[in-house]
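Observations on the model geometry
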Amino acid sequence: MLYDLTVRQINKAKTGEKLADLKNKVNVFFLVGEFNDEEYKGLIAMIEEKEKALA
C-alpha cells in the first residue's frame, strides 16, 4: 500500500525538489521498517531515473 502510493508520487513528481523530498521520505520509511531492502532499492532507483529525466 505505502509502496504503491510512493510509486505514484514518484511518477507524478515534476521537480527535482519534490523528488528530493520523496527520497528523504523513502529513507525514513526504510529506517523505520516500512520498506524491505528490495522495495527500498527499487524506489531509490526510480527516483534517480526520474531525476535524470528531469535534468
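Just so you know, these numbers come straight off a predicted model, no measurement behind them.

Analysis parameters
Sequence order as written defines residue numbering, which begins from 1 separately in each chain. Totals for whole chains, interfaces and linings use every residue, but because this is a predicted model, local features are given only for residues with pLDDT of at least 70 and side-chain atom pairs only at 80 or more, for both listing and counting. Here the side-chain values reflect all heavy atoms present in the structure, with hydrogen atoms and water set aside. Joining through side-chain atoms within 4.5 Å is the link that ties buried Ala, Val, Leu, Ile, Met, Phe, Trp, Tyr and Cys residues into a set, and such a set is a nonpolar core. Burial classes: relative accessible area under 20% of the type maximum marks a residue as buried, over 50% as exposed, and values in between as partly exposed (1.4 Å probe, protein chains only). Under the DSSP-based scheme used, a helix requires at least four consecutive residues in state H or I and a strand at least two consecutive residues in state E, with every element numbered from the N terminus. Each salt bridge in this description consists of a side-chain nitrogen of Lys or Arg and a carboxyl oxygen of Asp or Glu lying within 4 Å of one another.

Within the largest apolar cluster, 10 residues are counted, these being Val7, Ile10, Ala13, Leu19, Leu22, Val26, Phe35, Leu43, Ile44 and Ile47. Listing elements by their share of this core, those giving two or more residues are α1 (2-12), α2 (16-31) and α3 (37-54).

Moving on: the pattern of salt bridges. Opposite charge on two side chains allows them to pair when their charged atoms are near. A full pass over the atoms with the stated rule returns 3 salt bridges. The salt bridge involving Lys25 is made with Asp21; its shortest N-O contact spans 3.6 Å. Of this pair, Lys25 and Asp21 are both found in helix α2, 4 residues apart, which corresponds to roughly one turn of the helix. In this structure Lys25 comes out as partly exposed when scored by relative accessible area, which is 37%. A residue is classified by how much of its surface remains accessible, and Asp21, at 32% relative accessible area, is partly exposed. Glu48 is the salt-bridge partner of Lys23, the closest N and O atoms lying 3.8 Å from each other. Of the two residues, Lys23 is situated in helix α2 and Glu48 in helix α3; the sequence distance between them amounts to 25 residues. If you follow the salt bridges from partner to partner, you end up with Lys23, Glu48 and Glu51 in one network.

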